[in-house]
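# Structural overview
Here's the letter readout for the chains.
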Amino acid sequence: MRCLNEIKRSDRDLVLKLGLRIKLLIGIFLILLPILGLLLYGLRSEYERRVETVLDSQMQTAETAGTLVDAVFGAGLDVAWTLTIDPVVRSFDPARIDPHLRQLAPLFPQYDDIAVFDAQGRNVGSMAVLPEPRPGVADRAYFRTVMSTNGPAISDVLISRATGRPIVVMAVPIRGDTGQPIGVVIASLRVEQFPKLLQSIRLQPGQGMFLADRTGHLAFDTRRPELTLEERDASAYPPIRSALEGKPFRGVDVPGLFGEDRVVVTTTVGNYGWVIGLSTPSRLALAPVMSAVRNGLILYAAVTVFGIALALLIARYLLQPLRELTANAIALGRGELQRRVRIKTGDELETLGESFNTMAENMQKTLQLREEFLTVASHELKTPLTVIKGYIQLLLRDERDPARRKSLDAVVRQADRMSELIGEMLQMAQLQAGPLELRQERLDLAALTQEIAGEMQATAQKHRLLLCSAGPVWVHGDRERLEIVLRHLLDNAIRYSPKGGDVDVEVVAADGFARVTVIDHGLGVPREKQEHIFEPFFQVYPALAPFGGMGLGLHISKRIVEAHGGKIWFESEEGKGSSFHFTLPRAPDGIHMSEGR
């Protein structure tokens, strides 16, 4: 549970850290996401409706075509039945039947041949002129079916032995006086006649119709008028195989017999077991719905782009005053108390800006009062302290008792300490009053550091201040201010190494800068306190009274160094000491100047 809470808190923190622009974009997407879901649902429903409409329409057309094919088969059988009662046909005399059938030929142009066979399957009459000996049909399945069942039969797609062309044979028995078959009359229909006989079926652009026999061989396909023997075998084609198994087929994006994916339907023809099918390229059949999908997605994309643009505009509208508030808040934190914002949006942001300005004015007044108090208090305290120190020094001059002299020395030290604290208060008041006014001059930073170190060595009996410098290091700076920085850094090094020891001081010039480093081997700064070291009134060891000041020294030093265009930093390890560094821009060698700023 604790781990889960931490994950939730982490996710919440991550959301809070996202920028306003990102949050607005996320909001837009969260609004658009359900719209996209509804759009996709609607498009899918429209797609399914359109598919069902196309499939229903094609199936209806296929069933109509199947009815016509059934009629073609029925017409062929009717012709054959009519001839079975013709006396000439029943004579089984080729000399009489041949001319008789050829006279009838103009009445049946759609048939490749109309022929009469005896019970042994021998040709005894034909509408077509055949070479001798005439081909028989005793081995044909339809002949055997008619003779065995004494009923009509429809063949599968055959290759005519007389003409070599694909045909479909409709055969009926010639019954004798006993009612048993004594012969067979056939009507052979050329398969290329099927499309002509089905001209009343209006096909849509790109749509194709095909007819397959009971073995799955194609009688015709309107998309390919000339079929090879290999192309006619479609027995493995799923839509045809399904219909042959008695299950009408309806499918979308079905691989076509001759190429691209198609919308395909198949059904059986009457009672004959043949299969009629219709197919349309998927791209054409579904073009309207795909166009609707494309238009819907384009519209959604346009709305998304508009939403993103709107979010960015709103973010820009909101971020501009927020950035102004942020910049002024940062400046206010740096002490620029005169900064104000000018937000005129007529909404809560303007109210926030007014509240910020009110806060800044109150802070300015409060700090001004504090600075005035510090200044007055410092001056008022310094005067009597100077008098007290003078009287004590007069007493020390005439005092011979060691015990009393020791007490008076302690009073002098505390007076000096009080004087230092008052000095820090005055410096802090000056810093808070506004930008530092520097009286810059060209000076040797190494010599100045040596001078200050020498003065402080006189009072640091347990420490040894070791200065390392290769020679003069020239800078432009305010001598008095830089003395303050050096005294603070050296004083800290001495105070926070109470056991004594060496304090290393280094002054070097490198890369256009002068760098001063002060290294002690004392208490160091705990890691958790290091980020606060330059904050005003921050004390590293507030409980250690002998070492504690007001916590202003490093803050004052940082402000002075930065006012000179330099930077100050430190490294420290608790229990091993600290290293403080600051840099200042170097002055060109050989140029002497003095200026006030």
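Everything below is about the structure shown above.
For the structure given in this document, a descriptive report is provided here. For every chain, the first residue of the written sequence is number 1, and numbering continues from 1 onward in sequence order. For this predicted model, a pLDDT threshold of at least 70 governs which residues receive local features, and a threshold of 80 or more governs which side-chain atom pairs are given and counted, while totals over whole chains, interfaces and linings are taken from all residues. The basis for every side-chain value is the complete set of non-hydrogen atoms in the structure, without hydrogens or water.

## Some details on the overall build of the chain
Counting from the N terminus, the helices are DSSP H or I runs at least four residues long and the strands are E runs at least two residues long. A tally of regular secondary structure across the chain gives 15 helices and 18 strands. Contact between two residues is taken to exist if any of their heavy atoms lie within 4.5 Å; hydrogens are not considered. Long-range contacts, defined here as pairs at least 24 residues apart, represent 64% of the contacts in the chain between residues at least 6 apart. Shrake-Rupley sampling with a 1.4 Å probe provides the accessible areas, and residues are treated as covered by the protein chains on show and by no other component. Summed over all atoms, the accessible surface of the chain reaches about 32,800 Å², with 58% contributed by carbon and sulfur.

## Some details on helix α5 (residues 141–149)
Among the residues of α5, those classed as buried are Tyr142, Phe143 and Val146. All buried residues of α5 project into a common sector of 105° when viewed along the axis, lining one side. At its buried positions, α5 is contacted by β1 (111–118), β3 (153–154), β4 (158–159), β5 (166–175) and β6 (181–190). Taken from the residues just after α5, Asn150 is the one with a positive phi, measuring 60°. Residue burial is assigned from relative accessible area. The probe radius is 1.4 Å, only protein chains are included, and a residue is buried under 20% of its type maximum, exposed over 50%, and partly exposed in between. In this description, one arc is meant: the one made by directions from the helix axis to the C-beta atoms.

## Description of the nonpolar core
For our purposes a nonpolar core is just a set of buried Ala, Val, Leu, Ile, Met, Phe, Trp, Tyr and Cys residues, chained together by side-chain atoms within 4.5 Å. Formed by 49 residues in total, the largest nonpolar core has its most connected members in Tyr111, Ile114, Phe194, Leu211 and Trp274. Counting residues per element, this core draws most heavily on helix α2 (residues 20–84), at 13 residues. Within the second largest apolar cluster, 41 residues are counted, among which are Ile452, Ala460, Val561 and Ile568.

## Considerations on a nonpolar patch on the surface
A contiguous nonpolar surface patch, about 270 Å² in accessible area, is contributed by Ile22, Ile26 and Leu30. In this fold, Leu30 is placed in helix α2. Note on Leu30: relative accessible area 56%, which makes it exposed. Candidate patch residues must exceed 30% relative accessible area and have no salt bridge, after which like charges are joined if within 9 Å and Val, Leu, Ile, Met, Phe, Trp or Tyr side chains if within 5 Å. Each reported salt bridge corresponds to a side-chain nitrogen of Lys or Arg within 4 Å of a carboxyl oxygen of Asp or Glu.

## Topic: the sheet that holds strand β17 (residues 567–573)
Pairing between two strands is assigned when DSSP locates at least 2 bridges connecting them. A sheet is described by the order of its strands in space; here 5 strands give the open sequence β13-β15-β16-β18-β17, paired in mixed fashion. The strands lining the two open edges of the sheet, one partner per strand, are β13 (463–469) and β17. Strand-to-strand twist across the sheet, computed as the mean angle between neighbouring axes with direction ignored, equals 15°. Direction of pairing for strand β16 (residues 513–519) relative to strand β18 (residues 577–585): antiparallel, over a ladder of 7 bridges. Considered in β18, the bridge of Arg515 is made with Thr583. Helix-sheet contacts for helix α13 (residues 445–457) involve β13, β15 (501–510), β16 and β18, and the interaxial angle to β13 is about 170°. In this analysis an axis means a line fitted to C-alpha atoms, helices contributing only their contacting stretch, and an angle means the value between N-to-C directions, from 0 to 180 degrees.

## Here's the deal with the environment of Ala128
With respect to the helices and strands, Ala128 occurs in the loop between β2 (123–126) and α5. Expressed as a C-alpha distance, the spacing of Ala128 and Ala162, which sit 34 residues apart in the sequence, is 8.4 Å. If near-sequence neighbours (up to four positions away) are discounted, Ala128 is found in contact with Arg102, Asp112 and Asp113.

## Description of the side chain of Glu483
Mapped onto the elements of the fold, Glu483 is located in helix α14 (residues 479–495). With near-sequence residues (within four places) excluded, Glu483 lies in contact with Leu448 and Ile452.

## Side note on the side chain of Asp221
By the secondary structure assignment, Asp221 is in strand β8 (residues 218–221). Of the residues examined, Asp221 reaches a relative accessible area of 2% and is grouped as buried. Within the structure, Asp221 has its side chain in polar contact with the backbone nitrogen of Arg223 (distance 2.9 Å). Dropping the residues within four chain positions of it, Asp221 is found in contact with Met209, Phe210, Leu227, Leu257 and Phe258. Throughout this description, a polar contact denotes any pair of N or O atoms lying within 3.5 Å of each other; where both atoms belong to protein, one of them has to be capable of donating a hydrogen while the other can accept it, and for residues adjacent in sequence the pair is counted only when both atoms sit in side chains.

## What about the packing of α13 against α14?
Running from N to C, α13 and α14 cross one another at 45°; their axes reach a closest spacing of 10 Å. Viewed along their axes, α13 and α14 adopt a mutual orientation that is oblique. Note that α13 runs across α14; the crossing there is right-handed. Here Leu448, Thr449, Glu451, Ile452, Ala453, Glu455 and Met456 of α13 come into contact with α14, specifically with Arg479, Leu482, Glu483, Leu486, Arg487, Leu490, Asp491 and Ile494. Reported orientations rely on four angle classes, namely roughly parallel under 35 degrees, roughly antiparallel over 145, roughly perpendicular from 65 to 115, and oblique for the rest. Crossings are classed by handedness, with left-handed meaning an anticlockwise turn of the near helix from the far one by less than a right angle and right-handed meaning a clockwise turn.

## Describing the pairing of β8
As paired elements, strand β7 (residues 208–212) and β8 share 3 bridges and run antiparallel to each other. Bridging from a neighbouring strand, Leu211 pairs with Phe220 of β8. Here β7 hands over to β8 after 5 residues, with Gly216 in that stretch at a positive phi of 85°.

## Comments concerning the sheet that holds strand β9 (residues 249–256)
Taking strand neighbours across the sheet as the criterion, the 5 strands line up as β8-β7-β11-β10-β9 in an open arrangement whose pairing is antiparallel. At either margin of the open sheet sits one strand with a lone partner, and together these are β8 and β9. Across this sheet, the average inter-strand angle for adjacent strands is 25°, counted without regard to direction.

## Remarks on helix α4 (residues 94–104)
Considered for burial, the residues of α4 that qualify are Ile97, Asp98, His100 and Leu101. The opening residue of α4, the one whose side-chain oxygen lies 3.1 Å from the backbone nitrogen of Ala95, is Asp93.

## A short note on the packing of aromatic side chains
Any pair of aromatic rings gets described here by the distance separating the centres and the angle formed by the planes. Ring pairs are drawn from Phe, Tyr and Trp, using the six-membered ring of Trp, whenever the two centres fall within 6.5 Å, and their geometry is named by plane angle: stacked under 30 degrees, edge-to-face over 60, tilted for the rest. For the structure on display, the rule yields 7 aromatic pairs. Aromatic side chains Phe73 and Trp274 sit 5.2 Å apart centroid to centroid with 70° between the ring planes, which places their arrangement in the edge-to-face category. Of this pair, Phe73 sits in helix α2 while Trp274 sits in strand β11 (residues 274–281), and the two are 201 residues apart along the sequence. Relative accessible area serves as the criterion here: at 0%, Phe73 is assigned to the buried category.

## A look at the pattern of salt bridges
Scanning the model with the defined rule gives 22 salt bridges in all. Across the pair Arg224 and Glu231 runs a salt bridge whose closest N-O atoms are separated by 2.6 Å. On the basis of relative accessible area, Glu231 is assigned to the partly exposed category, the value being 24%. Arg487 is the partner of Glu455 in a salt bridge, and the nearest nitrogen-oxygen pair spans 2.4 Å. Taken as a pair, Glu455 in helix α13 and Arg487 in helix α14 lie far apart in primary sequence, 32 residues in all.

## Some details on unusual backbone geometry
In this structure, the amide linkage connecting Glu132 to the following residue, Pro133, adopts the cis form with an omega of -10°. In this fold, Pro133 is placed in the loop between β2 and α5. At Phe92, a residue that is not glycine, the phi angle is positive and equals roughly 55°. A positive phi angle, near 55°, is found at Asp253, a position not held by glycine.

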